[in-house]
Amino acid sequence: MSENKKEIVLSGIRSTGNLHIGNYFGALKKFVAIQDDYDCNFFIADLHALTTNPSPEDLHKNVKTILAEYLAAGLDPEKSTIFIQSDVPEIAEMYLLLNMHVGIGELMRTTSFKDKARKCLGISTTDESDEDIEKQIIGTDTNKRVNAGLLTYPTLMAVDILIQKATKVPVGKDQLQHLELTRRFARRFNSFYGVDLFPEPTDFDWGCAPIKVPGLDGSGKMGKSEGNCIYLADDPKVLRKKVMRAVTDEGPQAPNSAMSEPIANLFCLLELASTPETVAQFRQAYADCSIRYGDLKKQLAEDLLAITVPIRERINDILADDDYLRKVVSRGAERARERAAATLAEVRQVMGIRKF
């Protein structure tokens, strides 16, 4: 298949701190594997990150950090387009134009907006109804305001995808609703203007079940906001300490006992990081009640370090090379802008925004 016929894949990550092994096993490792077969576009979503009002210093630092971690994990700027969202100004203009075809109601009904609005307002998920939330959103308490960027987050995400005319978008379960909105916005625009401008993107089919990487706190998914992460940049001593503190239970009380959630989570991590023989050894030990959780944790820590230490070393080397980082993002912005500018020109023409 010639390069210009490769399907366009696009994925972005908000610049809100270090990447963790959940990002690595759930996404980055897969992205590295598809770079030769698809037209891959990976970006750092610093405009999306503005919805949480980070300090300028933190925003800049986080963008640089994630860029270095992308590269250290194996994303190749010779094979993929790697760019920073704000380096493509066409995105901001098309964000404005597409918002003219997006309803406030459909944005306010998105699950992510309601959840984030509750968090901004300091309201638990069960305290008040959606109607009560809406009343508070339009209130005047500036100390607990919900910014408009948070409301129109799905529009910006749709523009990220549509402006590159991506057809495959790897997303997590929590972003599926936004992807469906993108498809809806594309259909609506095409129908309103009687054109076939935007393809309707679909989730990337990896041919296997999504990988859910659990945290170390005994329940739930690994996530920055949960404080249960192992980061790619963690110092070996820090990583070992985190793993050794992972939640466990009193141990199996009878042969072939069912695993509690914390133990099942540790075995899930072991399956991601260790050899099948190692996993089988500890599963047998659990089944016959001879398992020692301390031994399991030590093995898990060492196997995770075998993955993260080389990445961590590359991260540090890349972070120290500003010239290389500038070269990567400059080249990435040039590539991303070429397609984005062409799409924006088509959008402006279709909407009647033309030069005399």
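Scroll up a little and you will see the structure.
Please read all numbers here as calculations on a predicted model, not as lab measurements.

**Student:** When you look at the packing of aromatic side chains in this model, what are you seeing that I'm missing?
**Tutor:** Pairs of aromatic rings are described using the distance from one ring centre to the other and the angle between the two planes. The tally for this structure, following the rule as stated, stands at ten aromatic pairs. When the ring of Tyr38 is compared with that of Phe204, the centres are 5.1 Å apart and the planes differ by 65°; the resulting orientation is edge-to-face. You can see Tyr38 sitting in the loop between helix 1 (21–34) and strand 2 (39–45) and its partner Phe204 sitting in the loop between helix 10 (176–193) and helix 11 (236–244), a full 166 residues away along the chain. Taking relative accessible area as the criterion, Tyr38 reaches 23% and is therefore assigned partly exposed. For Phe204, a relative accessible area of 7% puts it in the buried group. For the ring pair Phe204 and Trp206, a centre distance of 4.2 Å and an interplane angle of 35° mean the geometry is tilted. Within the aromatic cluster, the residues linked to one another by ring pairs are Phe31, Tyr38, Phe42, Phe204 and Trp206.

**Student:** Honestly, the side chain of Thr152 in this entry has me stumped. Any pointers?
**Tutor:** Along the chain, Thr152 falls in the loop between helix 8 (148–151) and helix 9 (153–162). Of the residues examined, Thr152 reaches a relative accessible area of 12% and is grouped as buried. Beyond its immediate stretch of four places on either side in the chain, Thr152 contacts Tyr95, Asn99 and Leu107.

**Student:** In this structure, what is going on with the side chain of Thr308? I would like to understand it.
**Tutor:** Structurally, the position occupied by Thr308 is in helix 14 (residues 293–319). For Thr308, the contacting residues outside a window of four places in its chain are Ile21, Leu232 and Leu239.

**Student:** Help me understand the pairing of strand 3 (residues 81–84) in this model?
**Tutor:** Alternating positions in strand 3 separate into two faces, Thr81 and Phe83 on one and Ile82 and Ile84 on the other, with burial throughout. Pairing analysis gives four bridges linking strand 2 to strand 3, with the strands arranged parallel. Pairing of Ile44 across the sheet is with Ile84, part of strand 3.

**Student:** Explain the nonpolar core to me, please; I cannot follow it from the model alone.
**Tutor:** In summary, soluble globular proteins display a tendency toward joint burial of nonpolar side chains. Residues Ile21, Leu28, Tyr70 and Leu304 are the most contacted members of the largest nonpolar core, which totals 56 residues. Ranked by residue count, the leading element in this core is helix 14, at nine residues. When sequence neighbours within four positions are dropped, the list of residues in contact with Leu304 reads Ile21, Phe25, Ile230, Leu239, Val243 and Ala273.

**Student:** Can you help me understand unusual backbone geometry in this one?
**Tutor:** Phi is mostly negative for residues that are not glycine, and the peptide bonds are mostly trans. Positive phi values are uncommon outside glycine, yet Lys165 reaches one of about 55°. Relative to the elements of secondary structure, Lys165 occurs in the loop between helix 9 and helix 10. Using a relative accessible area of 23% as the deciding quantity, one classes Lys165 as partly exposed. At Asn256, a position not held by glycine, the phi torsion is positive, near 60°. Relative to the assigned elements, Asn256 resides in the loop between helix 11 and helix 12 (261–273). Overall, the relative accessible area of 65% leaves Asn256 in the exposed class.

**Student:** Looking at this model, I keep getting lost on the sheet that holds strand 2. Mind explaining?
**Tutor:** The strands making up a sheet are joined through hydrogen bonds of the backbone, oriented either antiparallel or parallel. Strand order in the open sheet made by the three strands is 1-2-3, with parallel pairing throughout. The open sheet is flanked by strand 1 (8–14) and strand 3, the only strands paired with a single partner. Adjacent strand axes in the sheet meet at a mean angle of 20° when their direction is disregarded. Relative to strand 2, helix 3 (residues 56–73) is tilted by about 150°, and along the sheet it contacts strand 1, strand 2 and strand 3.

Definitions and limits used
Along each chain, residues carry numbers from 1 onward, in the same order as the chain's sequence is written. Thresholds applied to this predicted model are a pLDDT of at least 70 for local features of residues and 80 or more for the giving and counting of side-chain atom pairs; totals over whole chains, interfaces and linings are not thresholded and use all residues. Side-chain metrics in this entry use all non-hydrogen atoms of the structure; hydrogen atoms and water are not considered. Aromatic contacts are taken between Phe, Tyr and Trp rings whose centres are within 6.5 Å, Trp giving its six-membered ring; a plane angle under 30 degrees counts as stacked, one over 60 as edge-to-face, and the others as tilted. Only DSSP runs of H or I with at least four residues qualify as helices, and only runs of E with at least two residues qualify as strands; both kinds are numbered from the N terminus onward. Residue exposure (1.4 Å probe, protein chains only): buried if accessible area is under 20% of the type maximum, exposed if over 50%, otherwise partly exposed. Residues are treated as being in contact if the distance between any of their heavy atoms lies within 4.5 Å. Note on pairing: DSSP must find at least two bridges between two strands before they are called paired. In plain words, nonpolar cores are sets of buried Ala, Val, Leu, Ile, Met, Phe, Trp, Tyr and Cys residues tied together by side-chain atoms within 4.5 Å. Helix axes are fitted only over the stretch in contact, all axes being lines through C-alpha atoms; the angle between N-to-C directions runs from 0 to 180 degrees.

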